Amino acid sequence: MLWVILLAPFAAYVAAYLGVRLRRKSIRSLPAIRAKRAAGNFVKAFKTAQNDSSAQMAALRGYINDRFGRTLAAITPEEAARILTENGVTPETSDKLRRMFQQIEAAIYQGGAIKEFQGDEGMRALVKRIEKELS
């Protein structure tokens, strides 16, 4: 009984120390986790926003922000292409993303559908290609 009373404060201290230590590690790794999940989150968000160009633009901006650890509220097509190129994506792929951005913006302001990236498969292929070039 005496040993339990003597060891209980030490055990509580060790448990609290380890809990704080593990929490700090998980907070530091949060950006890496967001970057890994960015592509999947984008595909889901883009699929649910089938004919809503504003939601598609929000999904695309969210992908860029999450994947590259940015907090930009408004990203222009040129900025998106520059961010991709700076991070090792080929100019052809970043140009394709820039065109997609421009088409979504045109659909927002002019109405109508997105031509080149119609449907889910063009988007998945582009995001898959970006992810492959980044890894």
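Now for a description of the structure that goes with this document. What you are looking at is a predicted structure, and each value in this text was computed from that prediction instead of being measured.

1. Some points on the packing of helix α4 (residues 77-86) against helix α5 (residues 91-110)
Here is step 1 of the chain: As a packed pair, α4 and α5 sit with axes 8 Å apart at the nearest point and diverge in direction by 160 degrees. It follows from the interaxial angle that α4 and α5 lie roughly antiparallel. As α4 packs across α5, the resulting crossing turns out to be right-handed. Every residue of α5 that contacts α4 at Pro 77, Glu 78, Ala 80, Ala 81, Leu 84 and Thr 85 is listed here: Ser 94, Leu 97, Arg 98, Phe 101, Gln 102 and Glu 105.
Here is step 2 of the chain: Looking at the contact of α4 with α5, its residues break down into six nonpolar, three polar and three charged.

2. A look at α4
Here is step 1 of the chain: Three or more residues of α4 are buried, namely Pro 77, Ala 80, Ala 81, Ile 83 and Leu 84. Summarising the axial view, the buried residues of α4 lie within an arc of 160 degrees, below the 170-degree limit, and thus occupy one face.
Here is step 2 of the chain: Positive phi shows up at Gly 88, right after α4, with a value of about 100 degrees.

3. A word on the environment of Thr 93
Here is step 1 of the chain: Its location among the elements puts Thr 93 in helix α5.
Here is step 2 of the chain: Overall, Thr 93 belongs to the buried group, its relative accessible area being 0%.
Here is step 3 of the chain: In this structure, the C-alpha to C-alpha distance between Thr 93 and Glu 133, residues 40 residues apart in sequence, is 9.0 Å.
Here is step 4 of the chain: The residues contacting Thr 93, other than those within four sequence positions of it, are Leu 126, Arg 129, Ile 130 and Glu 133.
Here is step 5 of the chain: Within the local environment of Thr 93, its side chain forms a polar contact with the side chain of Arg 129, the two groups lying 3.0 Å apart.

4. As for the nonpolar core
Here is step 1 of the chain: Counting residues in each nonpolar core, the largest one holds 24 residues, and the members touching the most others are Phe 42, Tyr 63, Ile 64, Leu 97, Phe 101 and Ile 130.
Here is step 2 of the chain: Sorting the residues of this core by element identifies α2 (30-48), α3 (53-68), α4, α5 and α6 (120-134) as the ones contributing at least two each.
Here is step 3 of the chain: Ranked by the residues each element gives to this core, the list is headed by α3, at six residues.
Here is step 4 of the chain: With residues up to four places along the chain from it excluded, the contact list for Tyr 63 reads Ala 38, Ala 39, Phe 42, Val 127, Ile 130 and Glu 131.

5. As for the pattern of salt bridges
Here is step 1 of the chain: For the coordinates displayed, the defined rule picks out six salt bridges.
Here is step 2 of the chain: Glu 86 is paired through a salt bridge with Arg 70; the nearest N and O atoms lie 3.9 Å apart. Linking Glu 86 in helix α4 with Arg 70 in the loop between α3 and α4, this pair joins segments that are 16 residues apart in sequence.
Here is step 3 of the chain: Between Asp 95 and Arg 98 there is a salt bridge, with the nearest N and O atoms lying 2.3 Å from each other. Taken as a pair, Asp 95 and Arg 98 lie in helix α5 at a separation of three residues, close to a single helical turn.
Here is step 4 of the chain: Taking the relative accessible area as the measure of exposure, Asp 95 reaches 27% and is therefore partly exposed.
Here is step 5 of the chain: Each of the salt bridges in this network shares a partner with another, and the network as a whole consists of Arg 70, Arg 82 and Glu 86.

6. Notes on the packing of aromatic side chains
Here is step 1 of the chain: Tallied over the full model, the rule gives two aromatic pairs.
Here is step 2 of the chain: Consider the rings of Phe 42 and Phe 46, whose centres lie 5.5 Å apart with planes at 40 degrees: the pair is tilted. Here Phe 42 and its partner Phe 46 are both found in helix α2, four residues apart, which amounts to about one turn of the helix. We note that Phe 42, like Phe 46, is buried.

Definitions and cut-offs
- Per chain, residues are indexed from 1 in the order of the written sequence.
- Given that this is a predicted model, residues contribute local features only at a pLDDT of at least 70 and side-chain atom pairs are listed and counted only at 80 or more, while totals for whole chains, interfaces and linings are drawn from all residues.
- Where side-chain values are given, they derive from all heavy atoms of the structure, hydrogens and water being excluded.
- Angles run from 0 to 180 degrees between N-to-C directions of axes, and those axes are lines fitted to C-alpha atoms, restricted for helices to the stretch in contact.
- Only runs of H or I of at least four residues qualify as helices and only runs of E of at least two qualify as strands under DSSP, and these elements are numbered from the N terminus.
- Here is the rule for angles: anything less than 35 degrees is roughly parallel, anything more than 145 is roughly antiparallel, 65 through 115 is roughly perpendicular, and the remaining ranges are oblique.
- Take the far helix as your reference; a near helix turned counterclockwise from it by less than a right angle gives a left-handed crossing, and one turned clockwise gives a right-handed crossing.
- We call two residues contacting when some pair of their heavy atoms lies within 4.5 Å.
- Basically, the charged four are Asp, Glu, Lys and Arg, the nonpolar ten are Ala, Val, Leu, Ile, Met, Phe, Trp, Tyr, Cys and Pro, and anything else, Gly included, counts as polar.
- Exposure is judged per residue with a 1.4 Å probe applied to protein chains only, and the accessible area is read against the type maximum: over 50% gives exposed, under 20% gives buried, and values in between give partly exposed.
- The arc in question is formed by the directions pointing from the helix axis toward the C-beta atoms.
- Any pair of N or O atoms that falls within 3.5 Å is considered a polar contact. Within protein, one atom must be able to donate a hydrogen and the other to accept it, and sequence-neighbouring residues count only if both atoms are side-chain atoms.
- Here, the term nonpolar core denotes a set of buried Ala, Val, Leu, Ile, Met, Phe, Trp, Tyr and Cys residues that are joined through side-chain atoms within 4.5 Å.
- Basic side-chain nitrogens of Lys or Arg form a salt bridge, by our definition, when they fall within 4 Å of a carboxyl oxygen of Asp or Glu.
- Any two rings among Phe, Tyr and Trp, with Trp reduced to its six-membered ring, count as a pair given centres within 6.5 Å; such a pair is stacked if its planes are under 30 degrees apart, edge-to-face if over 60, and tilted if neither.

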